[in-house]
Amino acid sequence: MAAVKYLTAVVAAALLVPSSGPFDQQQPGSFQVHEATIPQIESDLRARRLTCHALVQEYLRRIEAYDKTGPSLNAIVQINPEALRDADELDRRFPASGPVGPLHCVPMIVKDNFETIGLQSAAGSLAMKGFISTKDAFLVKRVKSAGAIVLAKSNMAEWAFSPYETVSSILPGYTRNPYALDRVTAGSSGGTAAAVAASFGAVGLGSDTGNSIRGPSSHQALVGIRSTMGLTSRAGVVPLSLLADIAGPMARTVEDAVAIFQVIAGEDPDDPVTLATDYVQPGLRPGGHQATVPDYRAALVRDGLKGARLGVLRQAYERDTTDPEIVQVFSAALDELKQAGATIVDPASVDLANVRRSQSAGACGGFKYDINRYLAGLGDRAPVHSLDEIVKSRRFHPSVQLRLERAQESTDNNGPESAPCKAEGEYREQFRAAVLKTMDALKLDAFVYPTWSNPPRLIGDLNTPHGDNSQVFSPTTGFPAINVPMGYTRGGTLPAGITFFGRAWDESKLITLAYSYEQSTHHRKPPFSTPPLR
């Protein structure tokens, strides 16, 4: 009965969209934004079959129809009130000068922890309500300069704490998975994932400390790229732990994700880890930085799996609670990889027997250390100026209270030069060496494994196994990983993703593998709850 009610609501939303809503100032054109790709958008803009205004308006109509009504995904915190004006300006300039850049008029969804001029950037917390930055996060600045329009800010797990669900105090209620409205989106970039999956925007930006780009991308049949540490800037993104924080793209296709990645990769003086200098983040040595960013679009090779050697990283996902349907879907994915020309090495084990953290050194950095310095840098513009003030404000979701209080009890004197960070650096160097030893010995191009060992949980369920497989290998090594859809469980309804994990600075290889797999399988299908609008 619940499914029937959801379907009824979906049909009503699709057929009965108000004809005089705030974004219906212009009649919709013939261009269908549902599942539209960046190349399709750019083609119609260049051919003058589409205006930027009409494109943005169509995405706004979808948000109006599906985010707070109909299936009520609850993915959007704030719509950019200047989006249509920005579109009009691009339309005005287009006849004389052509596209502003490679992302001309690409409507984007941006996670609530990215500073964005003119829009609230609250990291999901009422403690930061009303904070509007006077500058854009580096990645936001990059995409805007390339012509993109920030269409809306998306919900997130408050302070990016939860990898499992997206709920915050800044927006009442949970963000829903558009593939099953009673299921979680994962976190913390679940709002971006749900919005992009539902075609509220063409593409999106998320952040990932342990899971938060790849995990939600898997749960929503998206492509998510977590880069090598140091390839993309975190400046202007509210930190969770700079030891592992990454910011990057989430999209419906590999090609679209790469279009964003091409624009955002590169050095940023405001994030020292991106600079090809002697600066060393604990556990990550410089030297792999390139003077210029490669052309990642050249890595979009359809037959790129031919001759590739892929190792099955069973220790990343095998446990007693791994869901049999995930195993079945992953086994089918391995067969698909073979059919596309790859050699599968199974198992490909990383020997971590002698790789251990020091038990006496203490923690390196962490939320208290990083958030205190971030908030201090905002000065009087921020409503709170320290973790202590956040806790004292009581303006947060109850689910994050314990995490905040535990962070408050930790030390604030454990920066990059501290003994704990030096010990952490040694541990991460050993971990990385172990990964590379296996890759070199087995001549692997990449490892593969299911991004989750279990399907998306029911909303509110924190007891059954979550199956998060993303917290260890990529965050600890600083090496890149890409999630791509690999199929569905539960009668073909719940998305499941496969992770390609490789060497530092080898994004081109991972992109080739991910793109070739995507093009040979085309597993992504749009969610039932947000069909095309009439």
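Residues numbered from 1 in each chain as written. Predicted model: local features only at pLDDT ≥ 70, side-chain atom pairs only at ≥ 80, totals over all residues. Heavy atoms only, no water.

Draft legend 1. Structural view of the environment of Leu 84. Note that Leu 84 resides in helix H4 (residues 83–97). Between the C-alpha atoms of Leu 84 and Gly 266, which are 182 residues apart in sequence, the distance is 30 Å. (Helix = DSSP H or I, 4+ residues; strand = E, 2+ residues; numbered from the N terminus.)

Draft legend 2. Spotlight on the pattern of salt bridges. Enumeration according to the criterion identifies 22 salt bridges in this entry. Of the charged contacts in the structure, one is a salt bridge between Asp 67 and Lys 68, with a shortest N-O distance of 2.3 Å. Asp 208 is paired through a salt bridge with Arg 226; the nearest N and O atoms lie 3.0 Å apart. Pair noted here: Asp 208 is in strand E4 (residues 203–208) and Arg 226 is in strand E5 (residues 223–226), with a separation of 18 residues, a long-range link. Residue Arg 226 is classed as buried on the basis of its relative accessible area, which comes to 0%. Several salt bridges share partner residues, and in doing so they unite Asp 208, Arg 214 and Arg 226 into one network. (Salt bridge = Lys/Arg side-chain N within 4 Å of Asp/Glu carboxyl O. Buried < 20%, exposed > 50% of the residue type's maximum accessible area, 1.4 Å probe, protein only.)

Draft legend 3. Quick look at the confidence of the model for the protein. For the protein, per-residue confidence averages 93 on the pLDDT scale, and 92% of positions sit at 70 or higher. Note on residues 1–28: pLDDT under 50 across the span, and 44 contacts to partners over four residues away in sequence or across chains. Counting interchain partners and residues more than four positions distant, the pLDDT-below-50 stretch residues 278–283 has 21 contacts. (pLDDT = per-residue confidence, 0-100. Contact = heavy atoms within 4.5 Å.)

Draft legend 4. Structural detail: unusual backbone geometry. A cis geometry characterises the amide bond from Gly 187 onward to Ser 188, with omega recorded as 0 degrees. Relative to the elements of secondary structure, Ser 188 occurs in the loop between strand E3 (149–154) and helix H6 (190–197). The omega angle of the peptide bond from Asp 346 to Pro 347 is 0 degrees, so this bond is cis rather than trans. Mapped onto the secondary structure, Pro 347 falls in the loop between strand E8 (343–345) and helix H10 (367–378). With a phi close to 65 degrees, Arg 48 is a non-glycine residue in the positive phi region. With respect to the helices and strands, the residue Arg 48 is situated in the loop between helix H2 (38–46) and helix H3 (52–66). Taking relative accessible area as the criterion, Arg 48 reaches 54% and is therefore assigned exposed. Backbone geometry places Ala 186, a non-glycine residue, at a positive phi of 70 degrees. Checked against the element boundaries, Ala 186 lands in the loop between E3 and H6.

Draft legend 5. The sheet that holds E3, seen in detail. The strand order across the open sheet built from 11 strands is E1-E3-E2-E4-E6-E5-E10-E11-E9-E7-E8, with neighbouring strands paired in mixed fashion. Taken across any chain shown, the strands that pair with only one partner, and hence form the sheet edges, are strand E1 (76–79) and E8. Taking each pair of neighbouring strands and ignoring which way they run, the sheet shows an average axis angle of 30 degrees. Where E5 meets strand E6 (residues 246–251), 2 bridges bridge the pair, whose relative direction is antiparallel. By the bridge assignment, Gly 224 is partnered in E6 with Met 250. (Pairing = 2+ DSSP bridges. Axes fitted to C-alpha atoms, helices over the stretch in contact; angles between N-to-C directions.)

Draft legend 6. Looking closely at helix H5 (residues 138–145). For H5, the full list of buried residues reads Phe 138, Leu 139, Val 140 and Val 143. Tucked inside the fold, the buried residues of H5 contact strand E2 (107–111), E3, E4, E6 and helix H8 (254–264). Note on H5: the residue one or two positions beyond its end, Gly 147, has a positive phi of about 105 degrees.

Draft legend 7. Looking closely at the state of the cysteines. Applying the stated criterion to the full structure yields 2 disulfides. There is a disulfide in this structure between Cys 52 and Cys 105, and the S-S distance comes to 1.9 Å. What sets the handedness of the Cys 52 and Cys 105 disulfide is the S-S torsion sign, and at about 95 degrees it is right-handed. Taken together, the residues span a long stretch of sequence, with Cys 52 in helix H3 and Cys 105 in the loop between H4 and E2 at a distance of 53 residues. As far as burial versus exposure is concerned, Cys 52 and Cys 105 are alike and both buried. The residue that forms a disulfide with Cys 364 is Cys 421, at a sulfur-sulfur distance of 2.1 Å. Judged by the torsion about the S-S bond (90 degrees), the Cys 364/Cys 421 disulfide is right-handed. (Disulfide = S-S within 2.5 Å.)

Draft legend 8. Spatial organisation of the nonpolar core. Formed by 117 residues in total, the largest nonpolar core has its most connected members in Val 56, Leu 103, Leu 310, Leu 337, Ile 498 and Phe 500. The greatest single-element share of this core, amounting to 9 residues, is contributed by H3. Beyond its immediate stretch of four places on either side in the chain, Phe 500 contacts Leu 310, Leu 337, Phe 447, Val 448, Pro 480, Ala 481, Ile 482, Val 484, Leu 510, Leu 513, Ala 514 and Tyr 517. Residues Leu 171, Leu 375, Ala 382 and Leu 404 belong to the second largest nonpolar core, which totals 27 residues. (Core = buried A, V, L, I, M, F, W, Y, C linked by side-chain atoms within 4.5 Å.)

Draft legend 9. Geometry of the packing of aromatic side chains. Under the counting rule described, the total for this entry stands at 11 aromatic pairs. Measuring from ring centre to ring centre gives 6.2 Å for Phe 500 and Tyr 517, while their planes differ by 55 degrees; the resulting arrangement is tilted. Here Phe 500, found in strand E11 (residues 494–501), pairs with Tyr 517, found in helix H15 (residues 507–521); they are 17 residues apart in sequence, far enough to count as distant. With respect to class, Phe 500 is no different from Tyr 517; both count as buried. Ring pairing ties together the aromatic residues Tyr 427, Phe 431, Phe 447, Phe 473, Phe 479 and Phe 501, which thus form one cluster. A cation sits over an aromatic face here: Arg 403 above Phe 161, 4.4 Å from the ring centre. Directly above the aromatic system of Tyr 164 lies the positively charged group of Arg 457, at a separation of 5.4 Å from the ring centroid. (Phe/Tyr/Trp six-rings, centres within 6.5 Å; stacked < 30°, edge-to-face > 60°. Lys NZ or Arg CZ within 6 Å of the ring centre and 35° of its normal.)

Draft legend 10. Representation of the pairing of E3 within the structure. Within E3, 6 of the 6 residues are buried, which leaves the element mostly enclosed by the surrounding structure. For E1 and E3, the ladder comprises 3 bridges, and the chain directions are antiparallel. Considered in E3, the bridge of Ile 79 is made with Ala 152. By the bridge criterion, 5 bridges tie E2 to E3 in an arrangement that is parallel. Paired with Pro 107 across the strands is Ile 149, a residue of E3. Read as a crossover between parallel neighbours, the route from E2 over H5 to E3 is right-handed. (Right-handed = clockwise from strand over helix to strand, strands pointing away.)

Draft legend 11. Broad picture of the side chain of His 219. Mapping His 219 onto the fold places it in helix H7 (residues 214–219). Residues in contact with His 219, not counting those within four places in the same chain, are Asn 177, Tyr 179, Val 184, Thr 185, Ala 186, Trp 452, Asn 454, Pro 455, Pro 456 and Pro 495.

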